[in-house]
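Understanding the architecture of this molecule
Below are the chains, spelled out letter by letter.
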Amino acid sequence: QVQLVESGGGLVQAGGSLRLSCVASGRTFTDYVMGWFRQAPGKEREFVAAISWDGASTRYADSVKGRFTISRVNAKDTVYLQMNSLKPEDTAGYYCAARWFLNGLSLASGDYADWGQGTQVTVSS
């Protein structure tokens, strides 16, 4: 099991930017595909972005494509989510998740075994 700790959330005005970080520990970081998901009150958890173990492949939800960028620094056991041009509808708890790399990238939350506690992002209009 890999332990994941997110940080970087906060309150920002529409059009602003935030960078979320997720630090992994307990396992070899490069053994994992990493994903970001979000969940707003009263809504289901939804996929945001995912990145392969080596950073060579990424996937994005249509709602964030062109505004968000996922990246990772394996030497720091850290995955990032750079969020630009934020909108009020981006308001949610953001969670990072890990999936065994041999299983490939996935957009389904059920395919990820390990999860962080989340960090709240609130975008005011």
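In what follows, the structure referred to is the one given above.
Below is a summary of the structure that appears in this document. All of these numbers come straight from a predicted model, not from anything done at the bench.

Conventions used here
Residues numbered from 1 in each chain as written. Predicted model: local features only at pLDDT ≥ 70, side-chain atom pairs only at ≥ 80, totals over all residues. Heavy atoms only, no water. Disulfide = S-S within 2.5 Å. Helix = DSSP H or I, 4+ residues; strand = E, 2+ residues; numbered from the N terminus. Buried < 20%, exposed > 50% of the residue type's maximum accessible area, 1.4 Å probe, protein only. Pairing = 2+ DSSP bridges. Axes fitted to C-alpha atoms, helices over the stretch in contact; angles between N-to-C directions.

**Looking at the state of the cysteines**
Going through the model one piece at a time under the given rule, you end up with one disulfide. A sulfur-sulfur separation of 1.9 Å characterises the disulfide bridge that pairs Cys-22 with Cys-96. On the sign convention where negative is left-handed, the bridge of Cys-22 and Cys-96, at about 45 degrees about the S-S bond, is right-handed. Of the two residues, Cys-22 is situated in strand E3 (residues 18–25) and Cys-96 in strand E9 (residues 92–100); the sequence distance between them amounts to 74 residues. In this pair, the class of Cys-22 matches that of Cys-96, namely buried.

**Notes on the pairing of strand E1 (residues 3–7)**
Look at any regular strand and the pattern is simple: side chains alternate between the two faces of the sheet. On E1, burial follows the alternation: Leu-4 and Glu-6 on one face are buried, whereas Gln-3, Val-5 and Ser-7 on the facing-out side are not. Across five bridges, E1 lies against E3 in antiparallel orientation. Bridging across to E3, Glu-6 finds its partner in Cys-22.

**Notes on the sheet that holds E3**
A sheet is described by the order of its strands in space; here four strands give the open sequence E1-E3-E8-E7, paired in antiparallel fashion. Strands with a single pairing partner mark the edges of an open sheet, and in this sheet they are E1 and strand E7 (68–73). Put simply, the sheet's adjacent strands are angled 15 degrees from each other on average, direction ignored. For E7 and strand E8 (residues 78–83), the ladder comprises six bridges, and the chain directions are antiparallel. Looking at the pairing, Phe-68 lines up with Met-83 of E8.

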